[in-house]
Amino acid sequence: MLQTSTHHHFPPQLLPRHPLCLRISLIISAHRRPLLRHQSYTHIRLRVSSCTKSSSKNTVTELVKAVDGQKANDQQQQQVKRPYPFHEIEPKWQHYWEENKTFRTPDEIDTSKPKFYVLDMFPYPSGAGLHVGHPLGYTATDILARFKRMQGFNVLHPMGWDAFGLPAEQYAIETGTHPKITTLRNISRFRSQLKSLGFSYDWDREISTTEPDYYKWTQWIFLQLMKRGLAYQAEVPVNWCPALGTVLANEEVVDGVSERGGHPVIRKPMRQWMLRITAYADRLLEDLDDLDWPESIKEMQRNWIGRSEGAELDFVVINGNGQEEEKRITVYTTRPDTIFGATYLVLAPEHPILSSVLSEAQSKHVEEYRELAIRKSDLERTELQKEKTGVFTGCYARNPANGQAIPIWVADYVLGSYGTGAIMAVPAHDTRDYEFAVKYSIPISWVVKPDDGDGGNFERPYSGEGTMINASSSESGLDINGLPSKDAASRVIQWLEKSGNGKQKVNYKLRDWLFARQRYWGEPIPVIFLDDTGEGIPVSETELPLTLPELDDFTPTGTGEPPLSKADSWVITKDPLSGKAARRETNTMPQWAGSCWYYLRFMDPKNSSALVDKAKEQYWSPVDVYVGGAEHAVLHLLYARFWHKVLYDIGVVSTKEPFKCVINQGIILGEVQYTACKDDKGNLISADSVAELAEYNQEKIPEEKVMKSGDFFVLKDNPNVRLIARAHKMSKSRGNVINPDDVVLEYGADSLRLYEMFMGPLRDSKTWNTSGIEGVHRFLARSWRLIVGSPSPAGSYPDGTSTVDEKPSIEQLRSLHRCIDKVTEEIEGTRFNTGISAMMEFINAAYKWDKLPRSIIEAFVLLLSPYAPHMAEELWSRLGHSNSLAYEPFPKADAAYLKESTVVLPVQINGKTRGTIQVEETCTEEEAFRLASLDTKLSKFLDGKSIRKRIYVQGKILNIVIDAQKKVKVAQ
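Calculation criteria
Residues numbered from 1 in each chain as written. Predicted model: local features only at pLDDT ≥ 70, side-chain atom pairs only at ≥ 80, totals over all residues. Heavy atoms only, no water. UniProt positions renumbered as here; feature names shortened; annotations may be inferred. Axes fitted to C-alpha atoms, helices over the stretch in contact; angles between N-to-C directions. Helix = DSSP H or I, 4+ residues; strand = E, 2+ residues; numbered from the N terminus. Parallel < 35°, antiparallel > 145°, perpendicular 65-115°, else oblique. Left-handed = near helix turned anticlockwise from the far one by under 90°. Contact = heavy atoms within 4.5 Å. Pairing = 2+ DSSP bridges. Phe/Tyr/Trp six-rings, centres within 6.5 Å; stacked < 30°, edge-to-face > 60°. Buried < 20%, exposed > 50% of the residue type's maximum accessible area, 1.4 Å probe, protein only. Nonpolar A, V, L, I, M, F, W, Y, C, P; charged D, E, K, R; others polar. Salt bridge = Lys/Arg side-chain N within 4 Å of Asp/Glu carboxyl O. Expected span 1.5 Å × (residues − 1). Polar contact = N/O pair within 3.5 Å; in protein donor to acceptor, adjacent residues only side chain to side chain. Lys, Arg positive; Asp, Glu negative; His and termini not counted. Core = buried A, V, L, I, M, F, W, Y, C linked by side-chain atoms within 4.5 Å.

- Under an unreviewed UniProt entry, the name given to the protein is leucine--tRNA ligase, and the organism recorded is Nicotiana sylvestris.
- Under the UniProt heading Sequence similarities (unreviewed entry), the note attached to the protein is "Belongs to the class-I aminoacyl-tRNA synthetase family."
- The Catalytic activity (unreviewed entry) comment attached to the protein in UniProt states, word for word, "tRNA(Leu) + L-leucine + ATP = L-leucyl-tRNA(Leu) + AMP + diphosphate".

Written as structure tokens, this is what we have:
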């Protein structure tokens, strides 16, 4: 029976698998890491005395009602304590913006004005909705968009959905719900959450990759790639799961088994569509230099492209009698100077020549090794720390430089997808080759001597450059002894090309893009195959979009054929030109496809005759600021750049690059979790005495039982027990996800926006702390009360504001313009946290004023508006304005008020300096004397003395001459 309790912790994972129980689980997770910090909040705990799948629906329903009732009651209590009426303000202005289309960017605009295109990386609308980490980047782009509108820019700030993908299809397989239904439901939730945060998106430009009107143009781009030979088919290894009967994406394979079900996965060659991104490798590399991107991101792309210069060398295979055969093994090396040190060759297990270079004795061993190798991912095979394994093929090849017969091995640390799928191994000068050679007792030949070392005593491999030794052969005519490594490499390449044994070669780590998925929920590939010849024929552009057929069964076929192969009436077709029978391509495009070009469609989303209008593209391109997570640093950005360059070559776009400036926002980690270590007997152990955490049981400790001691956290009841304090990435499995809906309900959207910007620099990772949001919430409440006034006992606020129509003082103007200067500078530098600090300082100063001039407060409200737009709109309205402030000019700082206005004035008594006072530069003699008389240090020299005269030089010095014989009290 399920019972409620305020004492015991009920683990959600023990709930029966009932749809309502999932909801209870989510509620429990929220209450276990309490979002609401007020003492009046009752944290519900659940306890299970017995919990089975047979639990009645009535019992579960009653529990849901109990939990919902308690939550509603707590929320009602919170409403009474709101420090300002954000619950009324925010829906009001969200409705206003939507009804008036305040942020719509018209199709026809004044192109003489400057433009600002700010874009968030396309979100995937997952079923989980947003957590508080998502709005971090969205808030930053919204601040920039609002700021630029107020500066007179035409702003394009759209939002859409990268909605094709595996999660929706997996859910369809498990539940029978069509992925389109799931996707639309998820989009609706995401959209409502984003609108509740006040983001100024132009929702009239909203797009989804799953809409035929959109993927028509994704298919059109694919056809252009085909026309230029950039889309082709090839046999490539894929992750095949026999038990599931499907091909899996890399992210669906963990440690050689399927993520779903834990079934063995093997590498199996299948015919796949590929995109020839390698044809653009040099341009993708060279054009990075001109981009305003984080250097770390550019370096990641450079490494992914992996351009290297070297040579291809041919090693002739020799038979058991030592005679050369016609077969040659071509290798690529960046160090042709080390050719004399090559003492063995290594083939990748998938190398096509492998089966023809096996001796009969070794054939079985090699095949067994190949079977093991193809089960591993490329990452597992190339892990530097793993022990190297391999098998001798039983055959040899001849080193062309010295004529020696060297053994041919097969090893999984060589990949068939890189270079030629074969390497010449030089164990003396490569750590990986050295470890392999030592393990299998293969000869090691030293051919490079470090310029600052002894070449005769090598104990470890040397991979650097130096002077060549042991590197000559009269038989081949190649002699590079004594040459520096670089000169030797050039000499070897000349010799290779002259002798026909190889050539100079530029190589790339970058591989062509595998552009097919054996899935239903993706863009159909617009190609048909003739039944009689198998020839692939592109679908006519006039027939686009080629839409997905409706399917009831999305499960894998079990044969490797995609689910679309089940749609017989859709698959079976005819070639419209020849009338021959044909079949449609049943693979679909990967999720990357739709996100490669969506930034272009936002410029012209309703165009049915072109991907984008040329004039609109020329005005809006490139994207000025593109904000998203660093996890997209390589693949998404690289693929988008590739497609953009193809579109540039065919005249669709006018710029070489799509994104001028890329910003990677940091991650918001979940709240700090505290853990205590226990031994096998359940005794608590201090974390500082634990060597290996994995050896001990760990127990989560509630925050209320924790206190800080120096730099560490300990138990309140036992300070000798140090705890482990860690913040983790938010995930449902950890139960540390913070739902922004809950934050908005308690604190308001403006507070959430402000807090996410105030947590620290945009690009840094930060830890969520619910108590931290209360600080910015108080700032907004103080701003509200300052400008509007205090509430009545009933909680209502007066109409209008507390401002006066009077000329501001110099002090007030200086305070305002310093704030304007700082906020402007920090928005432009995306240092939003310090911009908020400047506004806090302004409010602190304003609380000391006797009166609030309207002109000063209006300017402050405009400064606040990009950060807290709901409150700013309401204050602007109360200040007497009938229109939105969204397009009001952003305040500009007046340099005259930014200068330091005070000076340190020395004060002399009878010619001797007795102290200093702080005065305004324009301070009068009378005011300077008054301040000196009030100064504690100076007053003792003046009190009761008769002043004979005063000598005052404005801003320089005050000299007071006193009559020591006469005493009179100085007037205060």
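Now, onward.
**As for the packing of helix α22 (residues 810–828) against helix α24 (residues 854–864)**
Now for step 1: Interaxial distance between α22 and α24 falls to 11 Å at its minimum, and their mutual angle equals 15°. The angle between the axes of α22 and α24 places the two elements in the roughly parallel class. For the element pair α22 and α24, the recorded crossing hand is left-handed. Each of Gln812, Leu813, Leu816, Cys819, Ile820 and Val823 in α22 lies in contact with α24, whose residues at this interface are Ile856, Ala859, Phe860 and Leu863.

**Observations concerning the sheet that holds strand β23 (residues 536–538)**
Now for step 1: Strand order in the open sheet made by the 4 strands is β23-β22-β25-β24, with antiparallel pairing throughout. Whereas interior strands pair on both sides, the edge strands pair on one side only; in this sheet they are β23 and β24 (572–574). When strand polarity is set aside, the average angle formed by the axes of neighbouring strands in this sheet is 40°.
Now for step 2: Summarising the sheet, strand β22 (residues 527–530) and strand β25 (residues 581–584) pair through 3 bridges and their orientation is antiparallel. By the bridge assignment for β25, phenylalanine 529 is matched with arginine 583.

**Observations concerning the packing of aromatic side chains**
Now for step 1: For the coordinates displayed, the defined rule picks out 45 aromatic pairs.
Now for step 2: An angle of 35° between the planes, with centres 6.2 Å apart, marks the rings of tyrosine 84 and tryptophan 784 as tilted. Remark: tryptophan 784 occurs in helix α21 (residues 770–788) and tyrosine 84 occurs in the loop between α2 (57–80) and α3 (86–100); sequence separation between them is 700 residues.
Now for step 3: For tyrosine 84, a relative accessible area of 1% corresponds to the buried category.
Now for step 4: You can call tryptophan 784 buried: its relative accessible area is 1%.
Now for step 5: The interplanar angle of 80° and the centroid separation of 6.4 Å between the aromatic rings of phenylalanine 832 and tyrosine 867 together place this pair among those described as edge-to-face.

**Quick word on the packing of helix α23 (residues 832–846) against α24**
The angle between the axes and the distance between the axes are what describe a pair of packed helices.
Now for step 1: Running from N to C, α23 and α24 point in directions that differ by 155°, and their axes come no closer than 11 Å. By the criterion of interaxial angle, the relationship of α23 to α24 is roughly antiparallel. With respect to the hand of their crossing, α23 and α24 are arranged in left-handed fashion. Residues Met839, Phe842 and Ile843 of α23 form the contact with α24, whose participating residues are Ile856, Phe860, Leu863 and Leu864.
Now for step 2: Here the contact of α23 with α24 is composed, by residue class, of 7 nonpolar, no polar and no charged.

**Focus: the sheet that holds strand β27 (residues 659–664)**
Now for step 1: On the basis of which strands lie adjacent, the open sheet formed by 4 strands has the order β4-β3-β26-β27 and parallel pairing. Two strands in the sheet have a free side with no partner beyond their single neighbour: β4 (154–156) and β27. Neighbour to neighbour, the strand axes of the sheet diverge by 20° on average, direction disregarded.
Now for step 2: With 5 bridges connecting them, strand β26 (residues 623–628) and β27 associate as parallel partners. Paired with valine 627 across the strands is isoleucine 663, a residue of β27.
Now for step 3: Docked against the sheet, helix α4 (residues 135–150) engages β3 (115–120), β4 and β26, running at close to 170° with respect to β3.

**A short note on the pattern of salt bridges**
Now for step 1: Summed over all chains, the structure comprises 41 salt bridges.
Now for step 2: Measuring nitrogen to oxygen at the nearest pair gives 3.4 Å for the salt bridge that ties lysine 580 to aspartate 532. In this pair, lysine 580 sits in the loop between β24 and β25 while aspartate 532 sits in the loop between β22 and β23, placing the two residues 48 residues apart along the sequence.
Now for step 3: For glutamate 657, the salt bridge goes to lysine 645, with nearest N and O atoms at 2.8 Å.

**What about helix α7 (residues 212–227)?**
Now for step 1: End to end, α7 covers 22 Å across 16 residues, agreeing with the expected 22 Å (1.5 Å per residue, within 8%).
Now for step 2: Within two residues after α7, glycine 229 carries a phi angle of roughly 70°, on the positive side.

**Here we look at α22**
Now for step 1: In a regular helix each residue adds 1.5 Å, so 19 residues correspond to 27 Å; α22 covers 27 Å between its end C-alpha atoms and thus fits that length.
Now for step 2: Where α22 is concerned, the buried positions are Gln812, Leu813, Arg814, Ser815, Leu816, His817, Cys819, Ile820, Val823, Thr824, Glu826 and Ile827.

**Some remarks on the environment of aspartate 679**
Now for step 1: Mapped onto the elements of the fold, aspartate 679 is located in the loop between β29 (673–678) and β30 (684–685).
Now for step 2: It is 5.7 Å that separates the C-alpha atoms of aspartate 679 and tyrosine 696, two residues lying 17 residues apart in sequence.

**So, the environment of glutamate 920**
Now for step 1: By the element assignment, glutamate 920 lies in strand β37 (residues 912–920).
Now for step 2: Taking the C-alpha atoms as reference points, glutamate 920 and serine 901, 19 residues apart in sequence, are found 5.7 Å from one another.
Now for step 3: Among all residues touching glutamate 920, those that are not within four sequence positions of it are Arg814, Ser901 and Thr902.

**What to know about the side chain of threonine 803**
Now for step 1: Along the chain, threonine 803 falls in the loop between α21 and α22.
Now for step 2: Engagement of the side chain of threonine 803 in a polar contact is seen with the side chain of threonine 801, the distance being 2.8 Å.
Now for step 3: The contacts of threonine 803, once residues within four sequence positions are left out, are Leu852, Arg854, Ile857 and Leu879.

**Some remarks on the side chain of glutamate 585**
Now for step 1: The residue glutamate 585 is located in the loop between β25 and α15 (592–595) in this model.
Now for step 2: Summary of buried charges: glutamate 585 has no salt-bridge partner, and the nearest side chain of opposite charge, arginine 271, is 8.1 Å away.
Now for step 3: A polar side-chain atom of glutamate 585 sits 2.6 Å from a polar atom in the side chain of tryptophan 273.
Now for step 4: Side-chain polar atoms of glutamate 585 contact the backbone nitrogen of asparagine 587, separated by 2.9 Å.

**Quick notes on the nonpolar core**
Now for step 1: Counting residues in hydrophobic clusters, the biggest one holds 91 residues, and the most contacted among them are Trp768 and Met839.
Now for step 2: Among the elements that make up this core, the one with the highest residue count is α21 (9 residues).
Now for step 3: Formed by 70 residues, the second largest nonpolar core is a distinct cluster that contains Leu223, Trp273, Leu291 and Ala640.

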